[in-house]
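A closer look at the structure
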Amino acid sequence: MITLKSAREIEVLRRANVIVAEILDELKEKVAPGVTTLELDSLAEELTHKKKATPAFKGYKMAGRVYPRSLCVSVNEEIVHGIPSDRMLKEGDIVGLDFGVIYEGFYGDSAVTVGVGKPSEAAERLMRVTEEALYRGIEQLQDGKRLGDLSSAIQKTVESAGFSVVRAFVGHGIGKQLHEDPPIPNYGEPERGIRLKEGMVLAIEPMVNAGSWEVQIKEDGWTAVTSDGSLSAHFEHSVAITQNGPYILSKI
Ligand code: MF3
Ligand code: CO
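Notes on the structure in this doc start here. (Residues numbered from 1 in each chain as written. Chains lettered and ligands numbered in written order. Predicted model: local features only at pLDDT ≥ 70, side-chain atom pairs only at ≥ 80, totals over all residues. Heavy atoms only, no water.)

1. Here we look at the sheet that holds strand E13 (residues 215-217)
Ordered by their spatial adjacency, three strands build an open sheet running E5-E14-E13, and the pairing between neighbours is antiparallel. Looking at strand neighbours, the two that pair on one side only are strand E5 (78-80) and E13, the edges of this open sheet. Geometrically, the sheet is characterised by an average inter-axis angle of 40° between neighbouring strands, direction not taken into account. Strand direction decides the pairing type here: E5 and strand E14 (residues 224-226), joined by two bridges, are antiparallel. Within E14, the residue paired with Glu-78 across the bridge is Val-225. (Pairing = 2+ DSSP bridges. Helix = DSSP H or I, 4+ residues; strand = E, 2+ residues; numbered from the N terminus. Axes fitted to C-alpha atoms, helices over the stretch in contact; angles between N-to-C directions.)

2. Here's the deal with unusual backbone geometry
In this structure, the amide linkage connecting Asp-181 to the following residue, Pro-182, adopts the cis form with an omega of 0°. Within the element layout of this structure, Pro-182 appears in strand E10 (residues 180-184). One non-glycine residue, Asn-76, lies in positive phi territory at about 55°. Positionally, Asn-76 belongs in the loop between strand E4 (71-75) and E5.

3. Let's talk about the side chain of His-234
Take His-234: it is sitting in strand E15 (residues 232-234). Here His-234 falls in the buried class, since its relative accessible area comes to 3%. A polar side-chain atom of His-234 sits 2.9 Å from a polar atom in the side chain of Glu-205. Each residue touching His-234, except ones within four places of it in the same chain, is listed here: Ile-79, Val-80, Asp-98, Ala-111, Val-112, Thr-113, Thr-130, Glu-205, Pro-206 and Met-207. (Buried < 20%, exposed > 50% of the residue type's maximum accessible area, 1.4 Å probe, protein only. Polar contact = N/O pair within 3.5 Å; in protein donor to acceptor, adjacent residues only side chain to side chain. Contact = heavy atoms within 4.5 Å.)

4. Some points on a nonpolar patch on the surface
Together, Ile-2, Leu-4 and Ile-194 make up an exposed nonpolar region whose accessible area comes to about 210 Å². Inspection of the secondary structure puts Ile-194 in the loop between E10 and strand E11 (201-204). The class for Ile-194 is partly exposed, based on a relative accessible area of 32%. (Patch = residues over 30% accessible without salt bridge, like charges linked within 9 Å, V, L, I, M, F, W, Y side chains within 5 Å. Areas by Shrake-Rupley, 256 points an atom, 1.4 Å probe, with all protein chains shown as cover. Salt bridge = Lys/Arg side-chain N within 4 Å of Asp/Glu carboxyl O.)

5. Comments concerning the site of ligand 1
Around ligand 1, a shell composed of 13 residues is seen, among which Asp-98, Asp-109, His-172, His-179 and Glu-205 lie nearest. Measuring from an oxygen atom of ligand 1, one finds a side-chain N or O atom of His-179 at 2.6 Å. Protein contacts shield 97% of the accessible area of ligand 1, which totals 320 Å² for the unbound molecule. (Near = heavy atom within 4 Å.)

6. Quick notes on the coordination of the cobalt ion (ligand 2)
Coordination sphere of the cobalt ion (ligand 2), protein contribution only: Asp-109 (OD), His-172 (NE2), Glu-205 (OE) and Glu-236 (OE), at 2.0 to 2.3 Å. For the cobalt ion (ligand 2), all donor residues lie on one chain, and their spacing in sequence is D-x62-H-x32-E-x30-E. On the criterion of sequence distance, the pair formed by Asp-109 in strand E7 (residues 106-115) and His-172 in strand E9 (residues 171-173) is long-range, its members being 63 residues apart. (Donors = N, O, S within 2.8 Å, 3.2 Å for Na, K, Ca; no water.)

7. Re the pairing of E10
As defined by bridge partners, E9 adjoins E10 across two bridges and the pair is classed as antiparallel. Along E10, the bridge assignment pairs Gly-171 with Ile-184. The hairpin turn running from E9 into E10, its antiparallel successor, is six residues long.

8. Observations concerning the sheet that holds strand E8 (residues 164-165)
As summarised here, the arrangement of the three strands in space is E8-E12-E15, forming an open sheet in which the pairing is antiparallel. Two strands in the sheet have a free side with no partner beyond their single neighbour: E8 and E15. Alignment of E8 against strand E12 (residues 207-209), held across two bridges, turns out to be antiparallel. The residue of E12 that forms the bridge with Ser-164 is Asn-209. Its contacts with the sheet place helix H3 (residues 121-138) against E12 and E15, and it is angled at close to 35° to E15.

It is worth stressing that arrangement in space is one thing and function is another; only the former is reported here.
In structure tokens form, the structure reads like this:
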């Protein structure tokens, strides 16, 4: 069931998502060779508490598993749901930072991928195209358009650059729950799927692989990696559909 949000609810969702955006900005600043992914997780938690919010992912249950940390950090061939550890970032890595909070009963959720030092030109291009695909998708969030318009805009942007779209994970509605209907695939056909409506709030999150779209899950039960070991990038925004078009809640 898709829940439509009132203008007042959208303003609370805005505050939750601004908190996420501010924290992601601080985490990006901290990314450098020698920093461990667990240090990023600790910083994310500390900043969240300072802002009177609650980390959304710690203890979150998905498919019978409990996520153990507050931040997801996915390095290089890791696509999403990388678990922070004592792994040190190194020059040239690309790092997905995916973060969520609960604030006044509503969820915020956003993700970015950044380079450590100076990644290869190929890695930079993968990140650029993935972010571009996110924005091409967001442009389609207009009352009266359909979900397939968004999905196909993302897929076209990615595939025309020679990359592939991950199928195993999708975006989602967001509100009083982290994962609400509808599921939002990053591939599809224009003019298909449910009709988009004012009041929907959707987390759009393309995951893009440099090689094949196929994924594997590591032994930790969470970390999704590319089957062929190619690099992967992930960007996510939570967006409200308004009468004036898309309102990106997780952008400052
Ligand atoms: N941003 C991710 C998502 O939308 C994070 C969920 S990870 C989990 O789905 F740990 F919370 F499960
Ligand atoms: Co999400």
